[in-house]
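Fold and geometry: a report
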Amino acid sequence: MQYRNFKDFSTSLLGFGCMRFPTLEDGTIDEQKTFEMLDLALDNGVNYFDTAYPYHQGQSEIVLGKWLQTIDRDSIYVTSKMPVWKINSIEEFDKILDEQLEKLQIDHLDFYLLHALSKQRWDHVLEMGVLDHLKDVLASGKVKHIGFSFHDDYEVFEEIINAYPWDFCQIQYNYMDNNYQAGDKGYALAKKLGIPVVVMEPVRGGLLANVPDDIDKMFREYNDWSNASYALRWVMNHDNVMCVLSGMSNLEQVKDNLVTADTFMPLTDDEMKIIEKARDMFLARTKVNCTACRYCMPCPFGVNIPGNFKVYNEGNIYQKADLNKSAYLDMDESTRSTACKKCQACVTKCPQHINIPVELAKITKEYE
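On a predicted model such as this, the values are computed, not experimentally measured, just so you know.

Moving on: unusual backbone geometry. Here the amide bond leading from M297 into P298 is cis, since omega sits at 0°, within 30 degrees of zero. Relative to the elements of secondary structure, P298 occurs in the loop between α11 (269–283) and α12 (305–317). The residue Q344 is not glycine, and still its phi comes out positive at about 75°. Residue position: Q344 is located in the loop between α13 (321–330) and α14 (356–367).

Residues R4 and F6 of strand β1 (residues 3–6) are buried on one face, while the alternating residues Y3 and N5, pointing to the opposite face, are not. In terms of strand pairing, β1 meets strand β2 (residues 9–12) through four bridges, oriented antiparallel. From the neighbouring strand, Y3 faces β2, where its bridge partner is S12. The turn joining β1 and β2, which pair antiparallel and follow one another in sequence, is formed by two residues; a positive phi near 50° is taken by K7.

In this structure the tally under the stated criterion is 19 aromatic pairs. Ring geometry for F16 and F21: centres 6.1 Å apart, planes at 50°, overall tilted. The residues F16 and F21 share a single accessibility class, namely buried. Connected via pairs of aromatic rings, a cluster forms that spans W122, F148, F150, F157, Y164 and W166. Cation over ring: R336 sits above Y328, and NZ or CZ is 5.7 Å from the ring centre.

Before going further, it helps to spend a moment on the sheet that holds strand β6 (residues 109–117). The parallel closed barrel is built from eight strands, whose spatial order is β3-β4-β5-β6-β7-β8-β9-β10. Taking each pair of neighbouring strands and ignoring which way they run, the sheet shows an average axis angle of 30°. Here β6 pairs with strand β7 (residues 143–150) via six bridges, running parallel. Residue pairing across strands places Y112 opposite I146, the latter belonging to β7. Each of β8 (168–172), β9 (197–200) and β10 (241–246) touches helix α7 (residues 183–192); the most contacted strand, β8, lies at about 170° to it.

What follows deals with helix α1 (residues 31–43). The first and last C-alpha atoms of α1 sit 18 Å apart over 13 residues, in line with the 18 Å expected at 1.5 Å per residue. All of the buried residues in α1 are T34, F35, M37, L38 and A41. Each buried residue of α1 sits inside an arc of 160° when the element is viewed along its axis, so together they form one side. Exposed and oriented more than 90 degrees from the buried face of α1 are Q32 and D43. Tucked into the core, α1 has its buried residues touching β3 (14–17), β4 (48–50), α2 (60–68) and α10 (251–263). Positive phi appears at G45, one or two residues downstream of α1, with a value of about 100°.

Thresholds applied
- Residues numbered from 1 in each chain as written.
- Predicted model: local features only at pLDDT ≥ 70, side-chain atom pairs only at ≥ 80, totals over all residues.
- Heavy atoms only, no water.
- Helix = DSSP H or I, 4+ residues; strand = E, 2+ residues; numbered from the N terminus.
- Buried < 20%, exposed > 50% of the residue type's maximum accessible area, 1.4 Å probe, protein only.
- Pairing = 2+ DSSP bridges.
- Phe/Tyr/Trp six-rings, centres within 6.5 Å; stacked < 30°, edge-to-face > 60°.
- Lys NZ or Arg CZ within 6 Å of the ring centre and 35° of its normal.
- Axes fitted to C-alpha atoms, helices over the stretch in contact; angles between N-to-C directions.
- Contact = heavy atoms within 4.5 Å.
- Expected span 1.5 Å × (residues − 1).
- Arc of directions from axis to C-beta.

Below you can see the structure in the form of structure tokens.
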């Protein structure tokens, strides 16, 4: 495993994102498979494990906490996030932080982020006086490093990153999203300010792990890296990236990502050109900019919003429209796009700023 050294910490280049654990038929986390994956990652040098209050409907922190009791907790960094949209006072901030520590069964978090900041949530943070309170949080010893994760436009990122002496920040970044949200400009600004970057969605919700045949053929003619490895290597090629988070769902993904992190070397000019060509080939195919983060869920009317978008995008990106129409019709009718009542509840929650009801209507028109 390769590591990146910043300030007083040394993080594994690959980090374990705990938002897509394998699940059982009832939707709960499959703890046996999850523990196997976490053990494999730990045994091969991964030392950064990232969870959050809402992941897996609040169960991710609990399951990770159970696993932490089986290992040397001091050998790894544990990261979680404050759901700023759920609090209206400093007292509620402290209450949720204590709840998270209890669920994780630890006495401190190595890294703690203000979660999924947008302009609206940032203004809320300022109104509550959270920034002034952070010094007390650090002094308490409950948190060692403070950062923020981000989902909005670059101008908002610039405002936030300059407002506080952050220890790190977390952005969505991959070879398809280099000009989206914080993007290249945000990465460059963080580097200029000496603030290391943690990257989320490096394979764009899995879309860059299973590419169309023509892109796959182009990749494999050059070398035998997996599609996901190309995506991870593009991110790892940025020297101010302290850790690349992968939301792994099975052992095969863990093994493949470990190989990438173990063998990573700076990309050559030819390798960069291949990835840039892949980007151009993708851009004409993606219909809805959804990463399946599930912040829009649950829908008040039962629509499986990311599920509909997944079917719709994959039908176009992977050129399998007929198969994906079948997959759409195989969905429970109550969860299809036709169940959307255009209530707009999802629109303000979407970090990608997708007009979800409009896009769902397009899916209905195409598949119904």
